[in-house]
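# Architecture and fold: a report
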Amino acid sequence: MRIEGENGAPLSPGSSAASNSSADEMLESEKESLRDRVGDLEKKVHEQTDEIMCLRSTLADVLRRLSTIENNSRLQGASSGGRGTPTKDGVRLRQHNSSEMRDATKRASTCLPARPASSTALSRRNDGVPTSRRAPHYQSTSSLYSDGHSSSSVSPAPSPSPTQAPIRPSTSSTTPYIRPGALNKRWVSTSDFSTPARAFSSPQHHHAIASSPSSSSPANAQLVARRGNSGSLHNLSTLRSIHPVTPQYNITRHGGKEAQYNGEEGVVKLYLRGRPLNLYVPTPLRETYSPTASTPPPPIKMKLEWVYGYRGRDCRNNVFQLPTGEIVYFVAAVVVLYNVEEQMQRHYLGHTDDIKCLAVHPNKLIIATGQTAGHDRRDARPHIRVWDSVSLHTLHVIGISDIERSVACLAFSKADGGSLLVAVDEAPDHNMSVWDWSRGERGYKLLETKCSADQVLAVDFSPVDRSSIITCGKNHISFWSYENGMLAKRTGIFENRERPKYVTAISFTDTGNVISGDSNGNLLIWQRGGNTVYRMVRGAHEGPVFSILVQKDGSITTGGKDGHIVEWDRDLERTGNVIQVPEQFGAPRVVTSGRGSQLVVGTTRNCVLEGSFTFPIRPVMQGHTEELWALAPHPSQQQFLTAGYDRTCYLWDTMAHTIVWSKDIGEPAQSATFSNNGEMVIVGTTSGRWFVMDAETREMYSQHTDGNEPIQVVKFSPNGQYLAVGSRDNNIYVYQVSEDYRKYSRVGRCQGHASFVTHLDWSADSQFIQSNSGDYELLFWNAGLCRQIVQTSQMRDVEWASSNCTLTFATLGIWPEGADGTDVNSCARGNHISALATGDDFGKVKVFSSPACHQKARNNEYGGHSSHVTSVEFLHDDSRLVSAGGRDTAVMQWFVSQLASSGASSASSHH
């Protein structure tokens, strides 16, 4: 066969091969371009499919509404009736399949260490992996006026973000994205009206975003999804012309059922999970009050100033020293960059749920962090964020649709300067994926493969072989070779040596050999390129080896469960240098290089330590290790106390950002409060006991027992003469206080709640108590007589010293649309500013204007927690707000600055 060129001359075999190679390259380039274009088209088709589904749902709902309006127009005087079902007082009767006891059980889950699947907060295993998720939650009408991004911390708004909705926002307002697949959502206008809604169960009614073209305000232009079995979509101007609002009742959607305001009696009837709650409007507001009125956001802004805590109990390789002098680590959904010398923290706030792993690029400036799946399957999907540690700007968001459960571990490549990123998913097959992370906003996945059926604890690239990756975990260590777009796996062979249950840590020497540590306390050396054990050091630690650090000079430092940090020479011979980490701090989970000869250590008891083999080790950050509920601000100093299920009480100083003292009380703590003079501390436990303790010396003066259920709340009266103790046994115990808060004599017991007490407040004159319970009751008591006040209308004008009860007239606006009564765990009113802060089951801290008595109360929303926020409290001078996370064990300190428009000068930025 003769091959000719363009001029007819014969081509040589070499020329033919070169031509074929060039053609292959062109073909491969075309294929790559085609794949990119197909990917873009698939993305656009997906977005358009969502929009089409939205339009179909909207059209079907409009047609249904038109039919409903025609039917209702035939009925004379129909207001909130017209549903074809029996009504009482204009409210449709609701059938319940569950008893009050089941409602109480539902609420009970929010106060126990282990939450069942029905709990409102995220249920997790001990390792932090989500095991059960609550139904998706959508913001209330109040969130329509939220400031938007979750925090005003140093961290800029992350971009791009997986929470961004792929639907173009309206020009008049921002509309939330509704997750596809959420069946039977309720659609309701933010305005009030008296026309009822019928059930809608079309399969197409999965999600929709709509705004009324006839609405004249952003509030009327927005639609909010909420839980329920019926839905409605309203053209406000049409509905109001056909069905004008009855003057006596203003009807608005709340908690899955209409809430009513009776102007004649001055009472708002609120429904939570179908249970009615009467809230009496104070006399001065009766004539002008409307529950649907819009109130402005509070005249303050908050900025995340300090985060107390660290996640070391179940995470590894998550503490590093940066060239800037900062130590980088994470807790909850916050990455902390802590400069110990300058006592300054910066915070990266791009994540939406628990961060599980962290990797630092070889250039020491770029950081990758991976998170678990969040509360909402679309807005908080597991993913990796690559960001700049100097500017805190998000560079890439990777793996939003590729990671199934959680990012278990991460590592940048080293031999090629960090161009690749490897990640392991905590899915059943523990899929491992390799990414060209800098290619596009969402990176480019080069390959993915099943890694192991067992748990994977660590992954790393070889520093000398670009294509070599090592993984280890339960029952395995694997050696991977990346060539030609394929991963070849070789399992580590232990031969006649003892096979460990876990290979717990890996590291590389400068020659490329692998050092592994296992659950038997042994160190093994694997030669470069091989998968058999070359050498073994038995008994390096008594118990598992948690961390292996290879220093620049070739020396090796290991940390183990025995609490020892041991130094070895490059031949793995002991040098004799050993650090014993004090038991109170836990075992060293990760050991990394600090400044000079310093070591930075993260421990299993959520502490970050600093020290060396010549200088004593000291804590630079401490935190709780189990679920946290008790939070009490000092009445006159810049301090606050926390206590949790780890049986430890901490007194924190907000100015020095340190622990003043800590004390092990021997029992899990549920609640706490300071005496009015700040000299005594009351701590309630989960066993029904509560302790009286000196706030300075930590001396225990006495202990008391009220029942055998957890003490949910303890609170002194404003005059200091009484102490109210709210228990999970449904009772409130009142004590007479004497001898400078050292002696307590029981006055009596307030009996009347059908479920456990959750919150209580004292009246300003110390005569009355108001309390909430797990079945959404609001009851009032005469404190001196311990008797219930049945005529609750008499309490409408009582002035309350605090606002910790979540179900009152003053807190009506804090409840999101579709709330079931357990979504908001805590609230607190400012002492000198008109602000009301709340902590909810979705990791959010919200601040409203106080009182928040309107359902369209606007708020400022802040993120950072990854679990239910169990408590929020203002300091005595309102300069700061403190929030406590439940299972994320984090304590966050927010600096409060008043806006210039509120008459106060804006506060400067604090670090």
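Conventions used here
Residues numbered from 1 in each chain as written. Predicted model: local features only at pLDDT ≥ 70, side-chain atom pairs only at ≥ 80, totals over all residues. Heavy atoms only, no water. Helix = DSSP H or I, 4+ residues; strand = E, 2+ residues; numbered from the N terminus. Buried < 20%, exposed > 50% of the residue type's maximum accessible area, 1.4 Å probe, protein only. Contact = heavy atoms within 4.5 Å. Pairing = 2+ DSSP bridges. Axes fitted to C-alpha atoms, helices over the stretch in contact; angles between N-to-C directions. Salt bridge = Lys/Arg side-chain N within 4 Å of Asp/Glu carboxyl O. Lys, Arg positive; Asp, Glu negative; His and termini not counted. Polar contact = N/O pair within 3.5 Å; in protein donor to acceptor, adjacent residues only side chain to side chain. Disulfide = S-S within 2.5 Å. pLDDT = per-residue confidence, 0-100.

Another point: the overall build of the protein. The secondary structure content of the protein amounts to 3 helices and 64 strands. Every one of the 911 residues in the protein was classed for burial, and the buried ones make up 58%. Pairs at least 24 residues apart make up 54% of the contacts formed inside the protein by residues separated by at least 6 positions.

A few words now on the sheet that holds strand β58 (residues 835–840). Here we have 4 strands laid out as an open sheet, ordered β57-β58-β59-β61, and antiparallel in their pairing. Each edge of the open sheet carries a strand with a single partner, namely β57 (824–829) and β61 (859–862). Mean inter-strand twist for the sheet, computed between neighbouring axes without regard to direction, equals 20 degrees.

Let us now look at the pattern of salt bridges. Taken as a whole and judged by the stated rule, the model has 20 salt bridges. Between Glu326 and Arg346 there is a salt bridge; the shortest N-O distance is 3.0 Å. On the criterion of sequence distance, the pair formed by Glu326 in strand β14 (residues 326–331) and Arg346 in strand β16 (residues 344–348) is long-range, its members being 20 residues apart. The two residues Glu326 and Arg346 agree in class, both being buried. Between Lys356 and Glu426 there is a salt bridge; the shortest N-O distance is 3.5 Å.

Time to look at the side chain of Arg796. With respect to the secondary-structure elements, Arg796 resides in the loop between β56 (787–788) and β57. One buried charge, Arg796, has no salt-bridge partner; the nearest side chain with opposite charge is Asp797, at 5.4 Å. Here the side chain of Arg796 touches Glu265 through a polar contact of 3.1 Å, landing on its backbone oxygen. Setting aside anything within four residues of it in sequence, one finds Arg796 in contact with Glu265, Gly266, Tyr280, Val281, Pro282, Thr283 and Arg286.

To continue, consider the environment of Pro718. Within the element layout of this structure, Pro718 appears in the loop between β49 (711–716) and β50 (722–727). The partly exposed category is assigned to Pro718, whose relative accessible area is 35%. Distance from Pro718 to Ser675, taken between C-alpha atoms, is 9.8 Å for residues 43 residues apart in sequence. Not counting residues within four places of it along the chain, the set of residues in contact with Pro718 comprises Asn676, Trp762, Ser763, Ala764, Ser766 and Ala801.

All right, on to the state of the cysteines then. If you walk through the whole model with that rule in mind, you get 0 disulfides. Of all cysteine sulfurs in the structure, the one in Cys409 sits closest to Cys357, which takes part in no disulfide; the separation is 6.7 Å. Residue Cys357 is classed as buried on the basis of its relative accessible area, which comes to 3%.

With that settled, the discussion passes to the confidence of the model for the protein. Interpreting fine coordinate detail is not advised for predicted regions of low pLDDT. Per-residue pLDDT for the protein has a mean of 79; in total, 73% of the residues score no lower than 70. Counted against residues more than four places away or in other chains, residues 1–11, with its pLDDT under 50, gives 10 contacts. The model gives residues 902–911 a pLDDT under 50, and that stretch makes 22 contacts with residues more than four places away or in other chains.

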